[in-house]
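Examining the three-dimensional arrangement
One-letter residues, chain by chain:
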Amino acid sequence: MPRLHKKKPSLERQNIGYLFVLPSGVIYLVFIIIPVIWTAVMSMTDYNLTTSSFVGLHNYATMLYDRVFQKALWNTVRYTLLTLLPSLAIGLALALLINRKFLGRGLFRAVFYMPHILSLVVASLAWNYIFSEVGILNQLIRGLGGARISWLTNPNLSMFCIVVASLWMVCGHYMILFLSGLQAIPEYLYEAASIDGANAWVKFFRVTLPMLAPTTFFVFITACINSFQVFGQVYIMTGGGPGNTTTTLAHQIYLNAFQYGKMGYASAIAVVLMVIILIITAINYRFGNGKE
Amino acid sequence: MKNASLRRLSRRRRMINKAAHLFVLIVLALVWLVPVVFVLLSSFKTDAEMTLRKFSWLPLTWNFDNYVNAFSVPGYQWSRYFGNSTYVTIISVAGSIAFNSMAGYALARLKFRFRNAIFIVFLTGMMIPPQSIILPQFLIMNGIPLLGNNNWMGQGGSGLLNSLWAIIIPQLCGAFGIFMCRQFYLSFPQSLDDAARIDGCTEFKIYSKIYLPQSTTLLATLTIVKTISVWNDFFYPLIMTTTSDKRTVQLALQVFKGANTSRWNWIMAITLVTILPTLFIFMVAQKYFVQSVASSGMKN
């Protein structure tokens with residue numbers, strides 16, 4: 001928005017502006033901007049804490065043959081696909097249920113939002129226990145006369161466990177986002193629809209959903225970005241196992257950099273992750289009507 | 001008469017509707033609470049009871065000793081971990097909010113060259129996944145000159161690694177906080193600044209005497225959100241610290257679980273204690289959370 005100002009600010013006042021931005025700016029430069037460039041440069045070396053030489057795109061070529069990397073990429077995509085729609089649907093459903101006036105509304109909202117304020121460690125440990133050999137699921141199964149299921153060490157079930165735990169953690173957050181979108185829909189649209197004889201379903205599909213489209217798009221992008229970064233749940237609940245069935249890109253960055261000492265290769269994976277996130281963000285800027 | 005019965009019918013329908021709505025909500029809330037209740041109740045169960053064939057929600061005997069025993073496992077200094085977490089949280093929150101509001105103020109109210117470019121750079125940084133730049137951050141911490149036995153070139157020692165500052169400093173540059181502050185400070189009229197300048201206020205005075213006192217709600221919101229996120233973070237402590245005396249609560253919890261995998265009742269007892277601070281803040285300040293999410297999300 002253009003603002004009228006009669007003359008250019010004096011040099012002195014300009015410098016004060018820089019001074020205000022300086023503390024954040026320095027930390028930003030040193031701990032965000034330089035690391036981004038450094039990661040890109042390091043991805044073209046074979047740096048391993050002691051030696052480093054330029055290897056060009058060799059690290060990227062390695063990915064083409066690295067089965068573990070490919071599994072991690074596929075797992076990350078799989079995790080995103082499995083959590084995205086359910087978390088949006090559940091978040092929207094919860095928001096619709098909460099978006100009324102009734103007794104105890106704040107309490108219900110707090111209950112659904114609560115997992116989001118727990119740490120990843122706490123939430124992951126709770127679900128780790130639930131899915132463990134002595135967890136509530138197995139105790140219920142045994143109580144019904146069944147045999148224990150090794151949820152987290154079964155290659156077919158491990159990702160499912162992580163998805164369930166993640167849904168529990170994020171849905172409340174999306175609920176709040178949808179809620180603020182719902183509350184921004186003007187009441188007169190519903191009144192007009194009522195006068196035209198629309199029932200609840202018609203109102204939902206013809207008023208609520210279209211008016212909520214920008215919010216939905218924003219939540220969709222947020223969910224995408226969060227999903228692609230998944231690390232904590234994997235690190236704590238399964239450690240990427242069994243047989244790399246739950247390892248993800250972020251987990252592979254951690255392992256290669258801090259466990260295997262393959263810092264160059266870890267950086268190359270980090271660049272891949274950054275590019276994916278940037279593409280999602282670019283889609284947001286292109287099609288979203290969100291931020292400036 | 002027909003009208004009256006119709007009205008009674010519609011009132012009954014509304015009642016049914018209300019009851020169904022509440023019923024669905026209660027069922028969902030119970031599902032949401034199951035993990036928490038399960039954790040809570042398990043933390044009181046005895047070892048023997050943890051593996052019983054017959055499942056019961058309530059502990060057969062309430063074993064409060066778990067809380068004492070779990071915290072007295074040798075090799076762990078829980079008071080130290082809580083102290084570390086508190087220290088890291090207080091400094092990170094105070095520092096980041098001071099820096100964020102200063103930068104947000106300048107980006108919203110002051111005019112200087114490259115202002116919008118700087119803002120866009122900050123915003124872009126918000127999108128960078130922390131895991132993808134953690135390695136250079138680690139190497140930079142390792143190479144801070146003159147600290148941790150480093151020479152002036154940043155070599156020979158370990159810099160800020162394995163110090164609480166290595167956890168605090170990355171927390172100080174919050175693009176999200178800058179964004180929120182800028183949006184908030186944009187909403188004031190230009191005449192406010194002009195009037196203050198005519199009265200001879202310096203830019204810093206305008207910021208500290210006029211804008212800061214106006215932004216208590218914003219600062220409270222940022223404080224609470226940041227407190228929770230710093231307290232809960234385990235990624236930076238995991239990477240940046242090596243010795244046990246520098247652990248934060250979250251990292252210690254994860255380490256404790258790794259070493260006592262079968263003692264779920266103990267793990268859950270400690271887990272519960274670690275969430276008490278966050279839970280308390282959440283209950284006291286729930287409206288600020290909702291506000292922060294609502295105001296950060298969809299503003300143009």
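A brief structural summary.

The rules behind the values
- Residues numbered from 1 in each chain as written.
- Chains lettered and ligands numbered in written order.
- Predicted model: local features only at pLDDT ≥ 70, side-chain atom pairs only at ≥ 80, totals over all residues.
- Heavy atoms only, no water.
- Phe/Tyr/Trp six-rings, centres within 6.5 Å; stacked < 30°, edge-to-face > 60°.
- Helix = DSSP H or I, 4+ residues; strand = E, 2+ residues; numbered from the N terminus.
- Buried < 20%, exposed > 50% of the residue type's maximum accessible area, 1.4 Å probe, protein only.
- Lys NZ or Arg CZ within 6 Å of the ring centre and 35° of its normal.
- 1 Å grid on protein atoms, 1.4 Å probe; cavity = no way out; pocket = protein on both sides within 12 Å on 5 of 7 lines; lining within 4 Å.
- Points joined across faces, edges and corners; volume = space filled by probe spheres on them.
- Nonpolar A, V, L, I, M, F, W, Y, C, P; charged D, E, K, R; others polar.
- Contact = heavy atoms within 4.5 Å.
- Buried area = accessible area lost by both parts, 1.4 Å probe.
- Salt bridge = Lys/Arg side-chain N within 4 Å of Asp/Glu carboxyl O.
- Patch = residues over 30% accessible without salt bridge, like charges linked within 9 Å, V, L, I, M, F, W, Y side chains within 5 Å.
- Areas by Shrake-Rupley, 256 points an atom, 1.4 Å probe, with all protein chains shown as cover.
- Core = buried A, V, L, I, M, F, W, Y, C linked by side-chain atoms within 4.5 Å.

1. Describing the packing of aromatic side chains
In the structure shown here, the tally under the stated rule is 43 aromatic pairs over all chains. For the pair phenylalanine 44 of chain B and phenylalanine 64 of chain B, a centre-to-centre distance of 5.0 Å together with 65° between the ring planes defines the contact as edge-to-face. Separated by 20 residues along the polypeptide, phenylalanine 44 of chain B in the loop between helix H1 (2-42) and helix H2 (47-50) and phenylalanine 64 of chain B in the loop between H2 and helix H3 (65-71) bring together distant segments of the chain. Judged by its relative accessible area of 11%, phenylalanine 44 of chain B falls in the buried class. Looking at phenylalanine 64 of chain B, the relative accessible area reads 51%, which means it is exposed. Members of the aromatic cluster, connected to one another through ring pairs, are Phe20 of chain A together with Tyr105, Phe184, Tyr185, Phe188, Phe204, Tyr207 and Tyr211 of chain B. Stacked on the ring of phenylalanine 119 of chain B, the Lys or Arg arginine 182 of chain B has its end atom at 3.9 Å from the ring centre. Taking NZ or CZ as reference, arginine 263 of chain B lies 3.8 Å from the ring centre of tryptophan 266 of chain B, over its face.

2. A short note on the layout of surface pockets
Within this model, the largest pocket holds a volume of roughly 1200 Å³. In the lining of the largest pocket, the residues fall into 9 nonpolar, 6 polar and 7 charged.

3. Here we look at the interface of chain B and chain A
Between chain B and chain A, the contact holds 97 residues from the first and 95 residues from the second. Counting the surface lost from both chain B and chain A, the interface buries some 8900 Å², and carbon and sulfur atoms represent 76% of this. Taken as a group, Trp32, Lys111 and Met127 of chain B account for 9% of the area that chain B buries against chain A, more than any other trio of residues on that side. Where chain B meets chain A, there are 0 salt bridges. Per element, the largest residue contribution to the side of chain B that touches chain A is 16 residues, and it comes from H1 of chain B. Residues that form the side of chain B that touches chain A fall into these classes: 69 nonpolar, 20 polar and 8 charged.

4. Thoughts on empty space enclosed by the protein
Going through the model one piece at a time under the given rule, you end up with 3 cavities of 30 Å³ or more. Of the pockets and cavities examined, the second largest cavity occupies roughly 60 Å³. Taken together, Leu118, Val122, Ala126 and Trp168 of chain A together with Val36, Val39, Thr271, Leu272 and Ile275 of chain B form the lining of the second largest cavity. Mapped onto the lining of the second largest cavity, the elements with two or more residues apiece are helix H5 (120-130) of chain A together with H1 and helix H14 (264-284) of chain B. Split into classes, the residues belonging to the lining of the second largest cavity amount to 8 nonpolar, 1 polar and no charged.

5. Structural notes on the environment of asparagine 84 of chain B
Residues and elements named next belong to chain B. Locating asparagine 84 in the fold gives a position in helix H4 (residues 78-109). Assessed through its relative accessible area of 7%, asparagine 84 is described here as buried. Sequence separation between asparagine 84 and leucine 41 is 43 residues, and the spatial gap between their C-alpha atoms is 28 Å. When sequence neighbours within four positions are dropped, the list of residues in contact with asparagine 84 reads Leu164, Asp245, Lys246 and Arg247.

6. Things to note about a nonpolar patch on the surface
A cluster of nonpolar side chains, contributed by Val34, Val37, Trp57, Leu58, Trp62 and Phe64 of chain B, occupies part of the molecular surface with about 570 Å² of accessible area. Along the chain, the position of tryptophan 57 of chain B falls in the loop between H2 and H3.

7. Observations regarding the nonpolar core
Formed by 183 residues in total, the largest nonpolar core has its most connected members in Phe112 of chain A together with Met240 of chain B. Tallying contributions element by element places helix H7 (residues 158-183) of chain A first for this core, with 16 residues. Apart from residues no more than four positions distant in its own chain, methionine 240 of chain B is found in contact with Ile134, Gln137, Phe138, Met141, Leu161, Asn162, Ala166 and Ile167 of chain B.

Coordinates in, geometry out; function isn't part of it.
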